[in-house]
Amino acid sequence: MDPRIDPRIDLARLPRHVGIIMDGNGRWARKRMLPRIAGHREGVKAVDRIVSHASRMGIRALTLYSFSLENWSRPRDEVNALMEILVEFLERELNRILREGIRFNVIGHIEDLPHFAQDWVKRAIEETADRNGMILTLALSYSARREIADAAQELAREAVAGKISPDDIDESDVARNLYTADLPELDLLIRTSGELRLSNYLLWQAAYAELYFTDAYWPEFGTREFEDAILSFQARVRKFGLTEEQVATRKV
Ligand code: IPE
Ligand code: IPE
Ligand code: MG
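Residues numbered from 1 in each chain as written. Chains lettered and ligands numbered in written order. Predicted model: local features only at pLDDT ≥ 70, side-chain atom pairs only at ≥ 80, totals over all residues. Heavy atoms only, no water.

This brings us to the pattern of salt bridges. Two side chains carrying opposite charge are able to pair once their charged atoms lie near each other. Across all of its chains, the model carries 28 salt bridges by this definition. Arg-96 is paired through a salt bridge with Asp-48; the nearest N and O atoms lie 3.8 Å apart. In this pair, Arg-96 is assigned in helix α3 (residues 76-99) and Asp-48 in helix α2 (residues 36-57), connecting sequence segments 48 residues apart. Asp-48 shares its class with Arg-96; the two are buried. Residues joined by salt bridges that share partners form a network here, namely Arg-16, Asp-187, Glu-210, Arg-236 and Arg-238. (Salt bridge = Lys/Arg side-chain N within 4 Å of Asp/Glu carboxyl O. Helix = DSSP H or I, 4+ residues; strand = E, 2+ residues; numbered from the N terminus. Buried < 20%, exposed > 50% of the residue type's maximum accessible area, 1.4 Å probe, protein only.)

Structure representation (structure tokens):
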């Protein structure tokens, strides 16, 4: 057992896929009378900590909300700085990601990103493609409603091409056309900064995810806070529509 991991955590019952809405960078900075961008820079340090710790624990997939489709409407300077911070993160961390056996992945409309950022994203995907540790996914220019609309477009194309019949379309057809088709089921969704909403993140995938909210701003979120979320997840009874009695006698 790794001494850096809280011994109360049952490593055999980890959430397979953890999503995080990394929120509160701006407020963290404002509290310190710093520009918002300083908050984003501090937020990247939290990304480093949580990626390493999640991978060390043996989490299969970690999906971080890094930039939403709606975030393009922020002031130009902030958007530009966020794109630069993304590239700095990949430049700096790619070697460590490779060393830790992490596979890098993205979801969202990557073609919206400036070319210098797209190049780094593609490079990180290619260089880590043969890794079989944790899958680290960044959601970039991501919108869950857009993702579902994209899946609908794809299914319509399949129907027009005669590959499927509209009457046969079921949940698994939608799921296999989502950006997350190759990822495990989302088990735990964390949001920092005290906001109690999903902000257009993984709406389909969150159908039966356990939700965890904390007041900590993202730059303050450390391995302890992450472990608290995992412990909270492990203390819950997931019923999936069944009664408690059924769950208690369910064969796993
Ligand atoms: C989250 O922090 C980072 C991004 C959305 C890119 P915010 O920038 O939303 O921080 P607050 O919500 O203004 O505090
Ligand atoms: C959600 O945070 C997007 C990311 C964390 C990247 P926002 O700060 O953009 O969400 P709202 O605007 O408070 O809902
Ligand atoms: Mg915010």
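Anyway, onward from the coordinates.
The next thing to look at is the nonpolar core. One finds Ile-20, Leu-62, Leu-136 and Phe-226 to be the most contacted residues of the largest nonpolar core, which totals 51 residues. If we ignore the near neighbours within four places in the chain, the residues touching Phe-226 are Val-18, Ile-20, Ile-50, His-53, Ala-54, Met-57, Ile-59, Ile-190 and Phe-221. In terms of nonpolar packing, the next biggest core, distinct from the first, is built from 12 residues, Ala-139, Tyr-201, Leu-202 and Ala-209 among them. (Core = buried A, V, L, I, M, F, W, Y, C linked by side-chain atoms within 4.5 Å. Contact = heavy atoms within 4.5 Å.)

The geometry of α3 relative to helix α4 (residues 115-127) is characterised by a closest axis approach of 9 Å and an angle of 15° between their N-to-C directions. It follows that α3 is roughly parallel to α4 by the angle criterion. The element α3 and its partner α4 pack so that their crossing is left-handed. Counting all contacts with α3, which are made through Met-83, Glu-84, Leu-86, Val-87, Leu-90, Glu-91, Leu-94 and Leu-98, the residues of α4 involved are Phe-116, Ala-117, Trp-120, Val-121, Arg-123, Ala-124 and Glu-127. Of the residues in the contact of α3 with α4, the class split is 11 nonpolar, no polar and four charged. (Axes fitted to C-alpha atoms, helices over the stretch in contact; angles between N-to-C directions. Parallel < 35°, antiparallel > 145°, perpendicular 65-115°, else oblique. Left-handed = near helix turned anticlockwise from the far one by under 90°. Nonpolar A, V, L, I, M, F, W, Y, C, P; charged D, E, K, R; others polar.)

Our next topic: the sheet that holds strand β4 (residues 135-142). Overall, parallel pairing links the six strands, which are arranged β3-β4-β2-β1-β5-β6 in an open sheet. Two strands close off the open sheet at either side, each with one partner strand: β3 (103-107) and β6 (210-213). Each strand axis lies, on average, 20° off the axis of its neighbour in the sheet, ignoring direction. Examined bridge by bridge, strand β2 (residues 61-68) and β4 share seven bridges and lie parallel to one another. When the bridges of β4 are listed, Ala-61 appears paired with Ile-135. The sheet strands contacting α2 are β1 (17-21), β2 and β4, and the helix crosses β2 at an angle near 160°. Strand contacts of α3: β2, β3 and β4, with the helix running at about 165° to β4, the strand carrying the most contacts. (Pairing = 2+ DSSP bridges.)

Our next topic: unusual backbone geometry. A positive phi angle, near 50°, is found at Ser-141, a position not held by glycine. Structurally, Ser-141 can be placed in strand β4. With a phi close to 45°, Ser-199 is a non-glycine residue in the positive phi region. Its place among the elements puts Ser-199 in the loop between β5 (188-191) and β6. Exposure remark for Ser-199: the relative accessible area of 29% places this residue in the partly exposed category.

Moving on, we come to the packing of aromatic side chains. This model, assessed by the stated rule, comprises seven aromatic pairs. Judged by centre distance (4.1 Å) and plane angle (10°), the ring pair of Tyr-65 and Tyr-201 falls under stacked. Here Tyr-65, found in strand β2, pairs with Tyr-201, found in the loop between β5 and β6; they are 136 residues apart in sequence, far enough to count as distant. Tyr-201 carries the same exposure label as Tyr-65, and that label is buried. With 5.7 Å between their ring centres and 85° between their planes, Tyr-142 and Tyr-201 make a pair best called edge-to-face. Taken as a pair, Tyr-142 in strand β4 and Tyr-201 in the loop between β5 and β6 lie far apart in primary sequence, 59 residues in all. Among the residues examined, Tyr-142 registers a relative accessible area of 0% and is labelled buried. Given the relative accessible area of 0%, Tyr-201 is considered buried. By the ring-pair criterion, three or more aromatic residues cluster together here, those being Tyr-65, Tyr-142, Tyr-179 and Tyr-201. (Phe/Tyr/Trp six-rings, centres within 6.5 Å; stacked < 30°, edge-to-face > 60°.)

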